[in-house]
Amino acid sequence: MNIDRALLDKIAHLSRLEFDEKDADKMMKDMTAIVDWVEKLKEVNTDGVEPLTTMSHEINVLREDEVKEHLSHERALRNAPKKDSDYFRVPKVLE
């Protein structure tokens, strides 16, 4: 597949890329090389190969959930810089 200028402009617009006009030829050559390499992968025989879900062979060790003492409202608000009754006061973010 050959990446032409129209396709490069479309890809640049969709991915919000900006580049100089002098770099357009190099980008088209590089992107064409990448697409050609990916197309070449279609030639590889993958019969009997299980798809990977992760690149690591490590297994997550999960612990059992334990119910423990929770933090009371009073203790949580004790060191709050600003509070209002039972709530933390924070600066307005949206107007």
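Keep in mind the model is a prediction, meaning the values are calculated, not measured.

### Describing the overall build of the chain
Here is step 1 of the chain: Counting its secondary structure elements, the chain contains 3 helices and 2 strands.
Here is step 2 of the chain: The linear arrangement of helices and strands in the chain, starting from the amino end, is α-α-α-β-β.
Here is step 3 of the chain: Its C-alpha atoms give the chain a radius of gyration of 28 Å, more than 25% over the compact-globule value 12 Å for 95 residues.
Here is step 4 of the chain: Expressed as lengths along the three principal axes of its C-alpha atoms, the size of the chain is roughly 65 × 45 × 15 Å.
Here is step 5 of the chain: Going through the 95 residues of the chain one by one, you find that 9% of them count as buried.

### Describing the packing of helix H1 (residues 5-14) against helix H2 (residues 24-40)
Here is step 1 of the chain: The contact between H1 and H2 brings their axes to 10 Å, and the two run at 90 degrees. Overall, the two elements H1 and H2 adopt an arrangement that is roughly perpendicular. Residue-level contacts link Arg5, Leu8 and Ile11 of H1 to Ala24, Met27, Met28 and Met31 of H2.
Here is step 2 of the chain: Considering only residue class, the contact of H1 with H2 consists of 6 nonpolar, no polar and 1 charged.

### A look at the pattern of salt bridges
Here is step 1 of the chain: Per the stated rule, a full pass over the model turns up 5 salt bridges.
Here is step 2 of the chain: Put simply, Arg5 and Asp9 hold a salt bridge, and the shortest N to O gap is 3.0 Å. A residue pair is termed a helical-turn pair when its members lie 3 or 4 positions apart in one helix, as Arg5 and Asp9 do in helix H1 at 4 residues.
Here is step 3 of the chain: Asp9 gets classed as partly exposed once you look at its relative accessible area, which sits at 37%.
Here is step 4 of the chain: Between Glu39 and Lys42 there is a salt bridge, with its nearest N and O atoms 3.3 Å apart.
Here is step 5 of the chain: When salt bridges with common partners are traced through the structure, they connect Arg5, Asp9 and Glu21 into a single cluster.

### Some thoughts on the nonpolar core
Here is step 1 of the chain: Counting 5 residues, the largest nonpolar core consists of Ile3, Leu8, Ala24, Met28 and Met31.
Here is step 2 of the chain: At 3 residues, H2 tops the list of elements feeding residues into this core.

### Some words on the side chain of Thr32
Here is step 1 of the chain: Mapped onto the elements, Thr32 comes out in helix H2.
Here is step 2 of the chain: A relative accessible area of 13% means that Thr32 is categorised as buried.
Here is step 3 of the chain: Of the polar contacts made by the side chain of Thr32, one reaches the side chain of Asn2; its length is 3.5 Å.
Here is step 4 of the chain: In contact with Thr32, other than residues within four places in its own chain, are Met1, Asn2 and Ile3.

Conventions adopted
- Residues numbered from 1 in each chain as written.
- Predicted model: local features only at pLDDT ≥ 70, side-chain atom pairs only at ≥ 80, totals over all residues.
- Heavy atoms only, no water.
- Helix = DSSP H or I, 4+ residues; strand = E, 2+ residues; numbered from the N terminus.
- Rg over C-alpha atoms; globule rule 2.2 N^0.38 Å.
- Buried < 20%, exposed > 50% of the residue type's maximum accessible area, 1.4 Å probe, protein only.
- Axes fitted to C-alpha atoms, helices over the stretch in contact; angles between N-to-C directions.
- Parallel < 35°, antiparallel > 145°, perpendicular 65-115°, else oblique.
- Contact = heavy atoms within 4.5 Å.
- Nonpolar A, V, L, I, M, F, W, Y, C, P; charged D, E, K, R; others polar.
- Salt bridge = Lys/Arg side-chain N within 4 Å of Asp/Glu carboxyl O.
- Core = buried A, V, L, I, M, F, W, Y, C linked by side-chain atoms within 4.5 Å.
- Polar contact = N/O pair within 3.5 Å; in protein donor to acceptor, adjacent residues only side chain to side chain.

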